[in-house]
Amino acid sequence: MSGAAIAGPDGRLRCPWALSTEDYVAYHDGEWGRPVHGDDALFERLSLEAFQSGLSWITILRRRSGFRAAFADFKIASVASFTDDDRTRLLADPGIIRNRAKIDATLANARVLAEWSPGELDELIWSHAPDQSTRPAPKTLTDVPAITDESTALSKALKKRGLRFVGPTTAYALMQACGLVDDHLSDCTARRH
């Protein structure tokens, strides 16, 4: 069956995308689909998913330490206070993706989020988590959607509140990465349910 979980070198069944590199194996086994809470942690994931738009996730994953260094560990208050000099520094930083629109969106998003109450981003994002009991476990990669009604609603809610680069596909990738949904395949050893 195409796209079904496959055994890695250690014999464990994993989602097929996870086996192309050691970086992916570690990310798949230890992070992807695990619940993430906290405004700064969710801001990081939201920002990285936006930077990933149009690129492969491995590109972002391999530069994550560079992103963290460049963006003050994604502390919302710190990034919100970045100046024009910081923006210039980011646009010249080879350790990140130097996309002007994505950098500007990250800075603008931090400024918006700095005005929110503590826990508000966490609450907003997690309020869009679907009831897992109504979602069948995907058997193959073709069973995993790119957009759902919940990700479309989350995207609209974030945009309404002033955030940028948060379309429905990015919102769904965030939901997957942060454990709002468990899209590990049904026979994947990393699946929680």
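Nothing here was measured: the structure is a model prediction, and the numbers come from that model.

Chemist: Run through the overall build of the protein chain, naming residues and quoting values.
Modeler: Counting secondary structure elements, the protein chain contains 10 helices and 2 strands. Starting at the N terminus, the α and β elements of the protein chain follow one another as β-β-α-α-α-α-α-α-α-α-α-α. A compact globule built from 193 residues should have a C-alpha radius of gyration of about 16 Å, and the protein chain, at 17 Å, falls within 12% of that. Projecting the C-alpha coordinates of the protein chain onto the three principal axes gives extents of approximately 50 × 35 × 25 Å. If you take every contact in the protein chain between residues at least 6 apart in sequence, the share linking residues at least 24 apart comes to 67%. Counting every atom, the protein chain has about 9,100 Å² of accessible surface; 52% of that belongs to carbon and sulfur. Separation between the mean location of the 24 positive side-chain charges and that of the 26 negative ones in the protein chain comes to 4 Å.

Chemist: Any chance you could break down the nonpolar core for me, citing the residues and the numbers?
Modeler: Membership of the largest hydrophobic core comes to 45 residues, with the highest contact counts inside it found for Phe43, Phe67, Phe71, Leu90, Leu121 and Leu158. The residues touching Phe67, leaving out its near neighbours within four places in the chain, are Leu48, Phe51, Ile60, Phe74, Gly95, Ile96 and Ile97. Core analysis: the second largest hydrophobic core is formed by 5 residues, Ala5, Cys15, Leu185 and Cys188 among them.

Chemist: Break down the UniProt feature "binding site: Zn(2+)" (unreviewed entry) in the protein chain for me, with residues and values.
Modeler: As annotated by UniProt and renumbered to match this structure, "binding site: Zn(2+)" (unreviewed entry) occupies Cys15, His28, His184 and Cys188. Maximum C-alpha separation among the annotated residues is 10.3 Å over a sequence range of 174 residues, consistent with a single clustered spot. Among the annotated residues just listed, those lining the largest pocket are Cys15. Along the polypeptide, Cys15 turns up in the loop between β2 (13–14) and α1 (22–30). The residues touching Cys15, leaving out its near neighbours within four places in the chain, are His28, Asp183, His184, Leu185 and Cys188. Residue placement: Cys188 occurs in the segment after α10 (168–177). Since its relative accessible area comes to 5%, Cys188 is described here as buried. Here Cys188 is in contact with Ala5, Leu13, Arg14, Cys15 and His28, once residues within four sequence places are set aside.

Criteria and cut-off values
Residue numbers here run from 1 along each chain, matching the order of that chain's written sequence. In view of the model being predicted, local features appear only for residues whose pLDDT reaches at least 70, and side-chain atom pairs are presented and counted only at 80 or more, with totals across whole chains, interfaces and linings using the full set of residues. The side-chain values count all of the structure's non-hydrogen atoms but skip hydrogen atoms and water molecules. By the criteria applied, helices consist of DSSP H or I runs no shorter than four residues and strands consist of E runs no shorter than two, each listed in order from the N terminus. Computation of the radius of gyration draws on C-alpha atoms, with the globule rule given as 2.2 Å multiplied by the number of residues to the power 0.38. Contacts were defined at the residue level, with two residues in contact if any of their heavy atoms lie within 4.5 Å. For accessible areas, the Shrake-Rupley method is used with a probe of radius 1.4 Å. Any residue's cover is judged against the shown protein chains and nothing else. In this tally Asp and Glu are treated as negative and Lys and Arg as positive; neither His nor the chain ends contributes. Taken as the charge centre is NZ of Lys, CZ of Arg, CG of Asp or CD of Glu, depending on the residue. As used here, the term nonpolar core means buried Ala, Val, Leu, Ile, Met, Phe, Trp, Tyr and Cys residues forming a set that is joined through side-chain atoms within 4.5 Å. Any residue under 20% of the maximum accessible area for its type is buried, any over 50% is exposed, and the rest in between are partly exposed; the area is computed with a 1.4 Å probe on protein chains only. UniProt positions are given in the numbering used here, feature names are shortened, and annotations may be inferred rather than shown by experiment. Cavities and pockets were defined on a 1 Å grid built from protein atoms only: a cavity is a group of points that admits a 1.4 Å probe but offers it no way out, a pocket is an open group of points flanked by protein on both sides within 12 Å along at least five of seven lines, and a lining residue is one with an atom within 4 Å of any such point.

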